[in-house]
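One-letter residues, chain by chain:
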Amino acid sequence: MDLTAGHVWVMVSAALVLLMTPGLAFFYGGMTRAKAALNMMMMSFVSIGLVGVVWVLWGFSMSGGDGVAGLFGNPFASFGLEDLIGTEDMIGAGFGATFAIITVALISGAIADRAKFGAWAVFVPVWVTLVYCPLAFMVWGGGLLGEEGAIGSVVGEAIDFAGGTVVHINAGVAALVLALIIGKRRGFGSDPSHRPHNIPFVMLGAAMLWFGWFGFNGGAAGTAEEAGLIWVNTLAAPAAAMVGWLITERIRDGRPTSLGAASGIVAGLVAITPACASVSPLGALGLGLVSGILAALAVGLKYKFGYDDSLDVVGVHLVAGLVGTVALGFIALPVDGEGGGLFYGGGFAQLGAQIVATVVAIVFSAVMTLIIGLAIHKTMGFRVTEEQEINGVDLSEHAETAYELGGIGVGGSFRPAAEHTTVPVKESVNS
């Protein structure tokens, strides 16, 4: 079959989405302490390697094809992707892999500074297999929540064009569960060293995420008209969300911040993900503004409720994902003059479908992540020792430091080399 413009666009989009995970590594890496930056970035990078292997062997098969009780596809249907050789379906398989990669990588931000790298390397393939792939099948692969699924056929099919439930609600819930299992960082809420150590990294990461998100949302566009709407909405929503976040900071804290601008962009991108092909540009602006304001307010909830979501995965991805998914029940455009959200006279049907899909995603992700997280935590342990946390997980987990000043690895603060003391690499690794 000849290579068409559509095929090329999906391949380019897949490359854009893959770039988002290194972008996330910069975004998260800059938000951590200096002595945990490499570990944070490695958690994103190793997700690419592990999920890439899983996806080729059985992940793609589990996310589509013939289902098992509407929950997941047959893992052996396209094992190794051998049957896709010589078909255009291989392009779609590659595109789908990049979604699985970024989804599990998002979770890592909630457990920054204190997680064992080995435990994370076990969690990634298990979670993708038992949580991501089944939920992707339920929503996109013809499973329970699809038009002909056991749930979708009753309440209607929810709109989730690019991953409000499958990616962001899923990752946000999993992040909260893992944060609760592992526990708080030493000095949570009081230690000033937990502030982001490299804001330029954060802003670079946000820029890479925004760039890649045009492929994330637009890769599945079916027509030029749909692609144009998606592109404009992917510009409009994060722009409005950034403004909303900065205004919230200005009113609440007295000044807008660079970290707030970067976080607002991501909140808007999250919110528009499920809605990018189903709302007008004005709707995208409104959705972005609301998501930016609510996410800015939500990131402070961890101090009120006492859970340590290190890099605000819950506040940004779960909250904005909920906003974007449920809002479709109000602002979804009619299709061929029929349906649509409440504001377009479509009635409560779409809102009901969106709420049901959201609840299913929350419950499924929470229960499955709890089982996986506890199993790993009770067997090999998910958390480093207190001494390793103090010295920095870069040293304890990787025997490396992100920065070298005067030949001495930086361990969280930029003091002159003569004043800086740290545990030697060998001692830290063996502790």
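Residues numbered from 1 in each chain as written. Predicted model: local features only at pLDDT ≥ 70, side-chain atom pairs only at ≥ 80, totals over all residues. Heavy atoms only, no water.

Caption draft 1: Broad picture of the UniProt feature "domain: Ammonium transporter AmtB-like" (unreviewed entry) in the protein. Under the feature "domain: Ammonium transporter AmtB-like" (unreviewed entry), the UniProt entry names residues 8–403. Annotation note: span residues 8–403, helix share 67%, strand share 1%, distance between end C-alpha atoms 40 Å. (UniProt positions renumbered as here; feature names shortened; annotations may be inferred. Helix = DSSP H or I, 4+ residues; strand = E, 2+ residues; numbered from the N terminus.)

Caption draft 2: Highlighting the nonpolar core. In this structure, Ile107, Trp120, Phe123 and Trp127 are the most contacted members of the largest nonpolar core, which totals 107 residues. When neighbours within four sequence positions are excluded, Trp127 is seen to be in contact with Thr103, Val104, Ile107, Tyr132, Asn170, Ala174, Ser365, Thr369 and Ile372. (Core = buried A, V, L, I, M, F, W, Y, C linked by side-chain atoms within 4.5 Å. Buried < 20%, exposed > 50% of the residue type's maximum accessible area, 1.4 Å probe, protein only. Contact = heavy atoms within 4.5 Å.)

Caption draft 3: Representation of unusual backbone geometry. Although it is not a glycine, Asp312 sits at a positive phi angle of roughly 65°. The residue Asp312 is located in the loop between helix H11 (301–305) and helix H12 (313–331) in this model. Judged by relative accessible area, which is 17%, Asp312 ranks as buried.

Caption draft 4: The arrangement of the side chain of Ser365 in detail. The topology assignment puts Ser365 in helix H13 (residues 349–379). For Ser365, a relative accessible area of 0% puts it in the buried group. Within polar-contact distance, the side chain of Ser365 engages the side chain of Asn170 at 2.8 Å. (Polar contact = N/O pair within 3.5 Å; in protein donor to acceptor, adjacent residues only side chain to side chain.)

Caption draft 5: Region of interest: the confidence of the model for the protein. Summarising the model, the protein shows a mean pLDDT of 92, and 94% of its residues fall at 70 or more. Predicted confidence for residues 411–431 stays below pLDDT 50, and this span has 34 contacts to residues more than four positions away or in other chains. (pLDDT = per-residue confidence, 0-100.)

Caption draft 6: Region of interest: the pattern of salt bridges. Summed over all chains, the structure comprises seven salt bridges. For Arg33, the salt bridge is made with Asp113, and the minimal N-O distance between the two is 3.3 Å. Remark: Asp113 occurs in the loop between helix H3 (89–107) and helix H4 (117–140) and Arg33 occurs in the loop between helix H1 (5–31) and helix H2 (37–62); sequence separation between them is 80 residues. When sorted by exposure, Arg33 lands in the same class as Asp113, which is buried. The shortest N-O distance in the salt bridge between Asp308 and Arg114 comes to 4.0 Å. Here Asp308, found in the loop between H11 and H12, pairs with Arg114, found in the loop between H3 and H4; they are 194 residues apart in sequence, far enough to count as distant. (Salt bridge = Lys/Arg side-chain N within 4 Å of Asp/Glu carboxyl O.)

Caption draft 7: Local environment of the environment of Ser278. Mapped onto the elements of the fold, Ser278 is located in the loop between helix H9 (258–272) and helix H10 (281–298). Put simply, Ser278 and Gly340 are 62 residues apart on the chain and 8.7 Å apart in space, counted from C-alpha to C-alpha. Look past the residues within four positions of Ser278 in its chain and what remains in contact with it is Ile159, Leu328, Ile331, Ala332 and Leu333.

Caption draft 8: Summary view of the packing of aromatic side chains. Across all of its chains, the model carries 15 aromatic pairs by this definition. The interplanar angle of 45° and the centroid separation of 6.1 Å between the aromatic rings of Phe27 and Tyr28 together place this pair among those described as tilted. Across the pair, Tyr28 and Phe27 agree in class, each one buried. Where Phe99 meets Phe216, the ring centres are 4.4 Å apart and the plane angle is 15°; that geometry is what we call stacked. With a gap of 117 residues between them, Phe99 in helix H3 and Phe216 in helix H7 (residues 199–218) connect regions that are remote in the sequence. (Phe/Tyr/Trp six-rings, centres within 6.5 Å; stacked < 30°, edge-to-face > 60°.)

Caption draft 9: Region of interest: a negative patch on the surface. Residues Glu82, Asp83, Glu88 and Asp89 make up a contiguous surface patch of negative charge. Structurally, Asp83 is set in the loop between strand E2 (72–73) and H3. Residue classification places Asp83 among the partly exposed positions, given a relative accessible area of 44%. (Patch = residues over 30% accessible without salt bridge, like charges linked within 9 Å, V, L, I, M, F, W, Y side chains within 5 Å. Areas by Shrake-Rupley, 256 points an atom, 1.4 Å probe, with all protein chains shown as cover. Lys, Arg positive; Asp, Glu negative; His and termini not counted. Charge placed at Lys NZ, Arg CZ, Asp CG, Glu CD.)

Caption draft 10: Representation of the packing of H3 against H4 in the model. Between H3 and H4, the least distance of the axes is 10 Å, while the angle of their chain directions is 125°. Classified by the angle their axes make, H3 and H4 are oblique. In this structure, H3 crosses over H4, and the sense of that crossing is right-handed. Contact residues: H3 offers Gly96, Phe99, Ala100, Thr103, Val104, Ala105 and Ile107, while H4 offers Trp120, Phe123, Val124, Trp127, Val128, Tyr132 and Trp140. Class assignment for the residues of the contact of H3 with H4 results in 12 nonpolar, two polar and no charged. (Axes fitted to C-alpha atoms, helices over the stretch in contact; angles between N-to-C directions. Parallel < 35°, antiparallel > 145°, perpendicular 65-115°, else oblique. Left-handed = near helix turned anticlockwise from the far one by under 90°. Nonpolar A, V, L, I, M, F, W, Y, C, P; charged D, E, K, R; others polar.)

Caption draft 11: Main features of the environment of Phe330. Examined against the element boundaries, Phe330 turns out to sit in helix H12. By relative accessible area, Phe330 is classed as partly exposed at 29%. Between the C-alpha atom of Phe330 and that of Val17, which follows or precedes it by 313 residues, the distance is 29 Å.

Caption draft 12: Structural detail: H13. The end-to-end C-alpha separation of H13 is 45 Å, in line with the 45 Å expected for 31 residues at 1.5 Å each. Positioned one or two residues after H13, Gly381 has a phi angle of 85°, which is positive. (Expected span 1.5 Å × (residues − 1).)

Caption draft 13: Quick look at a nonpolar patch on the surface. A cluster of nonpolar side chains, contributed by Val243, Ile247, Ile251, Leu289, Val290, Ile293, Leu294 and Leu297, occupies part of the molecular surface with about 670 Å² of accessible area. Contributing elements (two or more residues each) for the nonpolar patch: helix H8 (224–253) and H10. Here the nonpolar patch gets five residues from one element, more than from any other, and that element is H10. In this fold, Val243 is placed in helix H8.

Caption draft 14: Region of the structure containing H4. At Val128, H4 is bent by approximately 40°, the largest bend along its length. Most of H4 is tucked away: 18 of the 24 residues are buried. Two residues or fewer after H4 comes Gly142, characterised by a positive phi angle close to 90°. (Bend = angle between axes of the 7 residues up to and from the residue.)

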